[in-house]
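Per-entry structural report
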Amino acid sequence: MSAAASARQILTRLTEVMASRMHAQGKLDQVVEIIGECLSSEVCSIYLLRDGMLELFATRGLNQSAVHVTRMAIGEGLTGAIAKKVETLNLAEAKAHPDFQYRPETGEEKFHSFAGVPIVYRERAVGVLCVQHVEPRRYEEVEIEALQTTAMVLSELIANAELVDEEDALGLTAEMTGPQTLSGLTLVKGLGAGHAVYHQPRVEITQVMAQDIEAERERVYRAFDKMREQIDTLASQAEFGVGGEHEEVLETYKMFAYDEGWSRRINESIDSGLTAEAAIERVQQHTRMRMREIDDPLLADRMHDLEDLANRLLRIVAGQVGTAASQGLRRDTILIARNLGPAELLEYDKRRLKGVILEEGSLTAHVVIVARAMNVPVIGRTKGVRTTIREGDEILLDASAGNAIVRPLPQVADAFQTRFAKSREKQAAYASLKDIEPFTRCGTRIQVMMNAGLRDDMSALAMTGADGVGLFRTEFQFLVSATLPQRERQTKLYRDVLDAAGEKPVIFRTVDIGGDKSVPYLASEIAAQDENPAMGWRALRLALEREGLMKIQARSLLEAAAGRSLYVMFPMVSEPWEFDAAKTVFDEQLAFLRTQKKLLPEKVHFGAMLEVPALAEVLDMLLPRLSFLSIGTNDLTQFLFAADRANPKLAERYDWLSPSILRFLRRVMQNSVGSGVDIGVCGEMGGRRLEALALLGIGYRRLSITPAAVGPIKELVRKVDLAELTTAMNGWLTSPQRSLREELSAWAAAREIEHD
Ligand code: PEP
Ligand code: MG
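In this text, all values refer to a predicted model and were calculated from it rather than measured experimentally.

Of the regular secondary structure elements, the chain holds 30 helices and 22 strands. In terms of principal-axis extent, the alpha carbons of the chain reach across some 90 × 55 × 45 Å. Here the chain contributes 90 positive and 107 negative side-chain charges, whose respective centroids are spaced 6 Å apart.

Now the structure itself:
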């Protein structure tokens, strides 16, 4: 018999039982009879959760006296193991399994084979349905599928008949109910507390049995069409590259999206009487089981992709397409996502967003930079998220320590709040440094500027006392707009920013779109050309060719800065002529404004970013053209190490304190001595204590960093003797280790400089 036919036969009979007026216990008794009969199994039993234990609720074949007597803890015995792991077991010889536990009251000793499936409600196992057989044989796939289908139907019955306590239904395993700690990689330091919200909420399946099979088929057919369309669009967007989801993943997505086998199996499940949603979920459960049997980490990754896609399909079918941002955050939130794009993060209400937990993510991905700018703590590369965190769970995120406590005990929550208060005190202490100029112990004034990108960020200037904005990422406005921002809107933003900065300088970086900063209105063009967007048609390369874009930005900046000083910086300059070409666009606009008798900026200072290593070799040619140079260590290091900054697998591989980076940066500094050009660093590196020490030790005197780091770095600067530090750095760099982290930590510790 085909899987569909056998399942349909069972479903038809189950439907009758479910529709009958019997009480719930009666229905369960009937269900075990039907399943046992249809699968020719001597035993069929249903265990349901009661008071945190799995209790035998109904059985055919085991001693009836064991009903409501036999109870297992989660994780105990085969049944407990199924519930704990929410997975299917299919064993020819139950006793041979390490989790097997004998329960004499059931009289099960004569049965050899065993198969069981979890009964899942709201993503948790709330019970187990199992069959046992005297003859030692593994159950066939169709039989397992029939069991899984039945388990889905049972979950509906359980929900309607309230057979399982709400508390039990909502959580089950200790992993799911008790306090748990997840660890990840610190991406943005800080503490945050709130309730878990999944960026892409899961669909709850409320109806399992179909009323009209044809209609369900049609729904799934249309959903497949829509999903394929979405995947094709994703494929044509550079945005897909965010967070290291590369070609390979994309290929897998496409492969799954167009996989005839997948859609066929879903259709078969519908044929057996399930709704589209239930069919998708059932097939997914089955695939999960198959994948788990194959112990291969590569396949586990693929499984993740398929889960993603199945969830997407479910959301489409259920008409639940938006992300959590579109529904709005209702309370303090810790956001959970596999990965996010910078624009996606910006859609969230900053006041309610208290932290982010990513399953992927890396330090210099733009979403992390945006989070840093929003002052939202983030951990990435977090394992076990989906099996541990439920929507709505309370979470204490300690991103500085790289962990998240899920469902904390009250005393833990209290201790966290105390730490939180202390950290706020510390922040306040940093804030008290705002009016203190950062002089080193030896009396050198260090420029500590801040990075910004949004109008809102400007309030941090006064709060931190930064010396100005060393990097204003103008593309943020482009990222948050659905269409290319018009000149008026750009001018307004730049004027507001300059007004907010008052006397302090603001270095506007012209748009750096492309790479992991894709915008929908340019995405197709970017993706059409780029296999490797970080090294592709981005930043100045794109801006110079889309001259209209550059012209509009130049006009906007020049008009906004009328009567004041304007600092303009070009990103990703690779050769000096690119700087000239960009400057020419500004010169032409200046000339135009002059003919219009418009008020011009008092002075325009032009600078470049050093992000492409090649530029370092022609500094002698470039420097005479510049008034300042800013090193973008985020991009520079990804190019020096040939390591994609957004690839989570490389997130921890190379260290900013490696000799190659530090020697490179030292050489740039040495080669520009006497040029009169103001040189600084505006990458994330400068905002970290040890890295900032290293930069000071190789000659850098201007850092532009994330606002939250201004206080800590000012404090650090005040404890440093530059001559001493420089000697130490030069010594370490003569015969270095793989990284200078240890040396610098010890050096800092000896001087009571905080260095975590
Ligand atoms: C950099 O690359 O270091 C930089 C500051 O620019 P962005 O991070 O915006 O690419
Ligand atoms: Mg850059």
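Below, the discussion takes up the pattern of salt bridges. Applying the stated criterion across every chain yields a total of 42 salt bridges. Residue Glu218 pairs with Arg222 through a salt bridge whose shortest N-O separation is 3.3 Å. A residue pair is termed a helical-turn pair when its members lie 3 or 4 positions apart in one helix, as Glu218 and Arg222 do in helix α7 (residues 213-235) at four residues. Since its relative accessible area comes to 37%, Glu218 is described here as partly exposed.

Attention now moves to the sheet that holds strand β7 (residues 180-183). Spatially, the eight strands line up as an open sheet ordered β7-β14-β13-β9-β10-β11-β12-β8, and their pairing is mixed. A strand with exactly one partner marks an edge of an open sheet, and here the two such strands are β7 and β8 (185-188). Strand-to-strand, the axes of this sheet are offset by a mean angle of 30 degrees, without reference to chain direction. Pairing of β8 with strand β12 (residues 378-380), which is carried by three bridges, proceeds in the antiparallel orientation. Bridge pairing in β12 places Leu185 opposite Gly380. Along the sheet, helix α14 (residues 366-374) contacts β8, β11 (353-358) and β12; its crossing angle with β8, the most-contacted strand, is approximately 60 degrees. Running at roughly 125 degrees to strand β9 (residues 191-198), helix α16 (residues 410-431) makes contact with β9, β13 (394-398) and β14 (403-406) of the sheet.

Turning next to unusual backbone geometry. It is generally the case that most residues other than glycine have a negative phi and that most peptide bonds are trans. Of note in the backbone geometry, Arg407 takes a positive phi value of approximately 50 degrees without being a glycine. Examined against the element boundaries, Arg407 turns out to sit in the loop between β14 and α16. The backbone of Glu752 sits at a positive phi, close to 55 degrees, despite the residue not being glycine. Looking at the element boundaries, Glu752 is found in the segment after α30 (741-750).

The subject of this paragraph is the coordination of the magnesium ion (ligand 2). Protein coordination at the magnesium ion (ligand 2): the donors are Glu611 (OE) and Asp635 (OD), at 1.9 to 2.0 Å from the metal. You can see Glu611 sitting in the loop between β19 (603-610) and α24 (619-622) and its partner Asp635 sitting in helix α25 (residues 633-640), a full 24 residues away along the chain. A relative accessible area of 2% places Glu611 in the buried class.

Axis angle and axis distance: for two packed helices, these are the angle between their axes and the distance between the axes, and together they describe the pair. Where α25 contacts helix α26 (residues 659-671), the axes come no closer than 11 Å and their chain directions differ by 120 degrees. One finds that α25 runs oblique with respect to α26. The way α25 lies across α26 gives a crossing that is right-handed. Each of Thr633, Leu636, Thr637 and Leu640 in α25 lies in contact with α26, whose residues at this interface are Ile661, Phe664 and Leu665. Looking at the contact of α25 with α26 residue by residue, the classes come out as five nonpolar, two polar and no charged.

Around ligand 1 lies a shell of 17 residues, among which Arg473, Arg509, Glu611, Asn634 and Arg645 are the nearest. Side-chain polar atom of Glu611 to an oxygen atom of ligand 1: 2.7 Å apart, as the coordinates give it. Between ligand 1 and Asn634 there is a distance of 2.7 Å, counted from an oxygen atom to a backbone nitrogen or oxygen. When the free accessible area of ligand 1 is taken as 280 Å², the share hidden by the protein chains comes to 100%. Contributions of two or more residues to the shell around ligand 1 are made by α14, β16 (469-473) and α25. In terms of residues, the shell around ligand 1 owes the most to one element, α25, which gives three residues. Residue classes in the shell around ligand 1 are distributed as four nonpolar, five polar and eight charged.

Our next topic: helix α23 (residues 576-595). Its 20 residues give α23 an end-to-end C-alpha distance of 29 Å, which sits within 8% of 28 Å, the value for a rise of 1.5 Å per residue. The inward-facing, buried residues of α23 abut α21 (539-545), α22 (547-560), β18 (565-570), β19 and α24. Looking one or two residues past α23, Lys597 carries a phi angle of roughly 60 degrees, positive in sign.

Regions with low pLDDT carry predicted coordinates that are not meant to be interpreted in detail. Here the chain averages 87 in pLDDT, and 90% of its residues register 70 or above. Taken as a whole, residues 238-246 scores under 50 in pLDDT and shows 29 contacts with residues more than four places along the chain or in a different chain.

Side-chain direction in a regular strand flips from residue to residue, so the side chains alternate between the two faces of the sheet. With five of its six residues buried, β11 lies for the most part within the structure. Across five bridges, the pairing between strand β10 (residues 333-337) and β11 is parallel. Of the residues in β11, the one forming a bridge with Leu335 is Val356. As paired strands, β11 and β12 are joined by two bridges and run parallel to one another. Paired with Val356 across the bridge in β12 is Val378. Between β11 and its parallel partner β12, the chain crosses via α14, and the hand of that crossover is right-handed.

In a beta sheet, neighbouring strands are held together by backbone hydrogen bonds and run either parallel or antiparallel to one another. Taking strand neighbours across the sheet as the criterion, the six strands line up as β3-β2-β1-β6-β5-β4 in an open arrangement whose pairing is antiparallel. Each having just a single partner strand, β3 (71-73) and β4 (89-91) make up the two edges of the open sheet. Within the sheet, the average angular offset between the axes of one strand and its neighbour, ignoring direction, is 25 degrees. Judged from the three bridges that link them, β4 and strand β5 (residues 113-121) form a sheet pairing that is antiparallel. Bridging from a neighbouring strand, Leu89 pairs with Gly116 of β5.

Right, let's talk about the nonpolar core for a bit. Among the nonpolar cores identified, the biggest contains 126 residues, and Leu345, Phe570, Leu610, Leu629 and Tyr700 are the most heavily contacted of them. The residue makeup of this core includes at least three contributed by each of domain 2 (178-201 + 328-423) and domain 4 (432-750). Discounting chain neighbours no more than four positions away, the residues touching Phe570 are Thr510, Leu540, Met550, Phe579, Ala582, Lys583, Phe586, Phe606, Gly607, Ala608 and Met609. Formed by 60 residues, the second largest nonpolar core is a distinct cluster that contains Leu14, Leu48, Val153 and Tyr253.

This part covers the packing of aromatic side chains. Under the criterion given, the structure shown has 10 aromatic pairs. Ring centres of Tyr567 and Phe628 lie 6.2 Å apart, and the angle between their planes is 55 degrees; this geometry places the pair in the tilted category. Placement of the pair is Tyr567 in strand β18 and Phe628 in strand β20 (residues 628-631), with a sequence separation of 61 residues. Tyr567 sits in the partly exposed class, given a relative accessible area of 22%. Judged by relative accessible area, which is 3%, Phe628 ranks as buried. When the ring centre of Tyr139 is taken as origin, the NZ or CZ atom of Arg137, which lies over that ring, is 4.8 Å away. Note that Arg424 overlies the ring of Phe420, its terminal NZ or CZ placed 4.5 Å from the centroid.

What counts, and at which threshold
Residues numbered from 1 in each chain as written. Chains lettered and ligands numbered in written order. Predicted model: local features only at pLDDT ≥ 70, side-chain atom pairs only at ≥ 80, totals over all residues. Heavy atoms only, no water. Helix = DSSP H or I, 4+ residues; strand = E, 2+ residues; numbered from the N terminus. Lys, Arg positive; Asp, Glu negative; His and termini not counted. Charge placed at Lys NZ, Arg CZ, Asp CG, Glu CD. Salt bridge = Lys/Arg side-chain N within 4 Å of Asp/Glu carboxyl O. Buried < 20%, exposed > 50% of the residue type's maximum accessible area, 1.4 Å probe, protein only. Pairing = 2+ DSSP bridges. Axes fitted to C-alpha atoms, helices over the stretch in contact; angles between N-to-C directions. Contact = heavy atoms within 4.5 Å. Donors = N, O, S within 2.8 Å, 3.2 Å for Na, K, Ca; no water. Parallel < 35°, antiparallel > 145°, perpendicular 65-115°, else oblique. Left-handed = near helix turned anticlockwise from the far one by under 90°. Nonpolar A, V, L, I, M, F, W, Y, C, P; charged D, E, K, R; others polar. Near = heavy atom within 4 Å. Polar contact = N/O pair within 3.5 Å; in protein donor to acceptor, adjacent residues only side chain to side chain. Areas by Shrake-Rupley, 256 points an atom, 1.4 Å probe, with all protein chains shown as cover. Expected span 1.5 Å × (residues − 1). pLDDT = per-residue confidence, 0-100. Right-handed = clockwise from strand over helix to strand, strands pointing away. Core = buried A, V, L, I, M, F, W, Y, C linked by side-chain atoms within 4.5 Å. Domains from an automatic or database assignment. Phe/Tyr/Trp six-rings, centres within 6.5 Å; stacked < 30°, edge-to-face > 60°. Lys NZ or Arg CZ within 6 Å of the ring centre and 35° of its normal.

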